[in-house]
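Summary of structural features
Single-letter residue listing:
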Amino acid sequence: MNVTNTEETLRSLFNGLKKDKVESLLVHHSDWGINIRMFLNGDIFELDLIDNLGGYELSIVGCEDTPPVQIDELSKLTQLLQLS
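Considerations on the sheet that holds strand S3 (residues 43-52)
- The strand order S1-S2-S3-S4-S5 describes an open sheet built from five strands, whose pairing is antiparallel. The two strands at the open ends of the sheet, each matched to only one other strand, are strand S1 (22-29) and strand S5 (69-71). Within this sheet the neighbouring strands show an average axis-to-axis angle of 25°, counted without direction.
- On top of the sheet, helix H1 (residues 3-15) reaches S1, strand S2 (33-40), S3 and strand S4 (55-60); it is set at about 160° to S1, its chief contact.

Topic: the pairing of S3
- Two strands pair when backbone bridges link them, and S2 and S3 are joined in this way by eight bridges, in the antiparallel orientation. Within the sheet, the bridge partner assigned to Ile36 lies in S3 and is Leu47.
- Taking the residues between adjacent antiparallel strands as the criterion, S2 and S3 are bridged by two residues, where Asn41 takes a positive phi near 55°.
- As paired elements, S3 and S4 share six bridges and run antiparallel to each other. The residue of S4 that forms the bridge with Ile50 is Glu57.
- In this structure, the hairpin formed by S3 and S4 is closed by a connection of two residues.

A few points about the environment of His29
- Among the secondary structure elements, His29 is positioned in strand S1.
- Overall, the relative accessible area of 23% leaves His29 in the partly exposed class.
- When the C-alpha atoms of His29 and Val3 are compared, they prove to be 7.3 Å apart, with 26 residues separating the residues in sequence.
- Residue contacts for His29: discarding those within four places in its chain leaves Val3, Thr6, Glu7 and Ile34.

Points about H1
- For H1, with 13 residues, the first-to-last C-alpha span of 18 Å sits near the 18 Å given by 1.5 Å per residue.
- Taken as a whole, H1 has its buried residues at Thr6, Leu10, Leu13 and Phe14. Seen end-on, H1 carries its buried residues on one side only, within an arc spanning 90°. H1 presents Glu8 and Asn15 as exposed residues on the side facing more than 90 degrees away from its buried surface.
- Its buried side turned inward, H1 meets S1, S2, S3, S4 and helix H2 (77-80).

What counts as what
Residues numbered from 1 in each chain as written. Predicted model: local features only at pLDDT ≥ 70, side-chain atom pairs only at ≥ 80, totals over all residues. Heavy atoms only, no water. Pairing = 2+ DSSP bridges. Helix = DSSP H or I, 4+ residues; strand = E, 2+ residues; numbered from the N terminus. Axes fitted to C-alpha atoms, helices over the stretch in contact; angles between N-to-C directions. Contact = heavy atoms within 4.5 Å. Buried < 20%, exposed > 50% of the residue type's maximum accessible area, 1.4 Å probe, protein only. Expected span 1.5 Å × (residues − 1). Arc of directions from axis to C-beta.

In structure tokens form, the structure reads like this:
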């Protein structure tokens, strides 16, 4: 998936939420992967998605006690984070 498609997919996922509210969504691409920053339900929330052969390794910034999780598709991101 190219950079534009990836960003559009992520924006669509977070903007399509019914119950949870995302504001100020920033999607930043770099050599190692994608950094996502936003206000989620009024709180600052940051994710790192590291590109790898199986898809992406997801880390929640600021939650060092939570181990990274592997996802194969971006569409599973909101489900994994239990957002609706």
